[in-house]
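Structural characterization, general
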Amino acid sequence: MVNAFTIDFEDWYQGLEIHKIDTWHKFESRIERNCQKILEVLKAHDVKATFFVLGFLAEKYPHLIKMIHDLGHEVGSHGYSHSQVFRLTPEQFSSEISRTNEAVHKAIGKTPIGFRAPIFSIISECYWAFDVLAKNGIRYDSSIYPTFNYRYGMIKADRFRHERSSTDSNRKIIELPVATATFMKINLPVGGGAYFRAWPYGVTRWAFHQINRQGRPGIFYVHPWELDPDQPKIDLPKRLSLTHYHRLSSTEKKLHRLLDDFQFSSMTEVFNLGY
Ligand SMILES: [Zn+2]
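Structural notes, computed from the coordinates. Keep in mind that this is a model prediction, so the values were computed, not measured. (Residues numbered from 1 in each chain as written. Predicted model: local features only at pLDDT ≥ 70, side-chain atom pairs only at ≥ 80, totals over all residues. Heavy atoms only, no water.)

**Regarding the coordination of the zinc ion**
This is how the line gets drawn: In this listing, donors mean N, O and S atoms no farther than 2.8 Å from the metal, or 3.2 Å for Na, K and Ca; water is missing from the atoms, so a site can look incomplete. Helical segments are the DSSP runs of H or I of at least four residues, strand segments are the runs of E of at least two, and each set is numbered from the N terminus. Burial classes follow relative accessibility: with a 1.4 Å probe on protein chains only, a residue under 20% of its type's maximum area counts as buried, one over 50% as exposed, and anything between as partly exposed.
Ligation of the zinc ion by protein atoms is provided by Glu10 (OE), His78 (NE2) and His82 (NE2), these donors lying 2.0 to 2.1 Å from the ion. Look at where the donors of the zinc ion fall in the sequence and you get E-x67-H-x3-H. Of the two residues, Glu10 sits in the loop between strand 1 (2-9) and helix 1 (31-44) while His78 sits in the loop between strand 3 (74-77) and helix 4 (90-108), which places them 68 residues apart along the sequence. Judged by relative accessible area, Glu10 falls into the buried class, the value being 2%.

**Examining helix 1**
The line we're drawing: One fewer than the residue count of a helix, multiplied by 1.5 Å, yields its expected span. Note: the arc covers the axis-to-C-beta directions of the helix. The contact definition used throughout considers only heavy atoms, calling two residues in contact when any of these lie within 4.5 Å.
Under the 1.5 Å per step criterion, the end-to-end length of helix 1 is 20 Å for 14 residues, consistent within 8% with the ideal 20 Å. Within the span of helix 1, buried status applies to Ile31, Asn34, Cys35, Ile38, Leu39, Val41 and Leu42. For helix 1, the angular spread of the buried residues around the axis is 155°, confining them to a single face. Those residues of helix 1 that are exposed and angled more than 90 degrees off the buried face are Lys43 and Ala44. Packing partners of the buried residues in helix 1 comprise strand 1, strand 2 (50-53), helix 2 (55-60), helix 3 (62-70), strand 10 (219-222) and helix 9 (251-261). Positive phi shows up at Asp46, right after helix 1, with a value of about 55°.

**Observations concerning the pairing of strand 9 (residues 186-189)**
Rules: Here a strand pair is declared whenever DSSP counts at least two bridges between the two strands.
Side chains Asn187 and Pro189 of strand 9 all project onto a buried face; the interleaved residues Ile186 and Leu188 project onto a face where none is buried. Between the end of strand 8 (residues 180-183) and the start of strand 9, which pair antiparallel, lie two residues, with Met184 showing a positive phi angle near 50°.

**Some remarks on the environment of Phe5**
When you line up the elements, Phe5 lands in strand 1. Overall, the relative accessible area of 0% leaves Phe5 in the buried class. Separated by 68 residues in sequence, Phe5 and His73 place their C-alpha atoms 10 Å apart.

**Regarding the packing of aromatic side chains**
For clarity, the cut-off: For Phe, Tyr and Trp, rings pair up if their centres lie within 6.5 Å, where Trp contributes its six-membered ring, and each pair is then called stacked (planes under 30 degrees apart), edge-to-face (over 60) or tilted (otherwise). In this analysis the charged atom, NZ for Lys or CZ for Arg, is taken to sit over a ring once it is within 6 Å of the ring centre and within 35 degrees of the ring normal.
What the rule picks out here adds up to 23 aromatic pairs. Ring geometry for Phe120 against Tyr145: centres 4.8 Å apart, planes inclined by 55°, an arrangement best described as tilted. On the criterion of sequence distance, the pair formed by Phe120 in the loop between strand 4 (114-115) and helix 5 (128-135) and Tyr145 in the loop between strand 5 (140-141) and strand 6 (162-165) is long-range, its members being 25 residues apart. Relative accessible area serves as the criterion here: at 5%, Phe120 is assigned to the buried category. Exposure remark for Tyr145: the relative accessible area of 1% places this residue in the buried category. Site record: aromatic cluster; members linked through ring pairs are Phe5, Phe196, Phe208, Phe220, Phe262 and Phe264. The positively charged end of Arg99 is found above the aromatic ring belonging to Tyr80, 4.0 Å away from the centroid. The lysine or arginine in question, Lys254, covers the ring of Phe196, its NZ or CZ lying 5.8 Å from the ring centre.

This is the structure we're talking about:
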């Protein structure tokens, strides 16, 4: 069974929802260093992955996007400015997607067919997003997390591959939710990120075995900054600072174990989507 390995490609300060794009110039850029780091980890295990890249980074660092692409990885979209979808109008969201498409096309000569929303922010209030994605050439989405979290989650969503469409259109999008495992009828968020750092590695191993035993691939995600324990420490609200800075130094070691224990590839390879 081959699982999907994905990277939400953003710098260490860009996923913090309290710091918006107009403040990003104040922070030290560490994306080049952290991009190299994640590429080295993938290379060590000969794994191809999907990088959901921020349009802002694709505009500013086209050489990084080209390097990712030239190494055989898939380039998907993470929107332009890391804005949560439910805070945008359909017009604003459309412009996030098209601007990112343009930047990626300029860097590698093709546009993304996959999308992951910042902070898994496609929720039931914004199903119109599927229509916007389809209109902009996106064929699959990985923004629904069928679990509960204070910032995201659709606990009742299908845990595995299914189709989605907006309420007023026939345009279909393939939905590929991030990995969850079930324990006592509860969907546990085991797909990566802060949970991967917080829990012992054995939890992730148990979860991916459970998913694979059901004949399903699991979808894992990580951020480049999670491999950077030396990133600047800034003042953040406690809840945010706990999840952002928690056990950063454990990520790399755990990633090597995960990539030793399971097979991984990009979304388009694992789900036969053609790219
Ligand atoms: Zn993100």
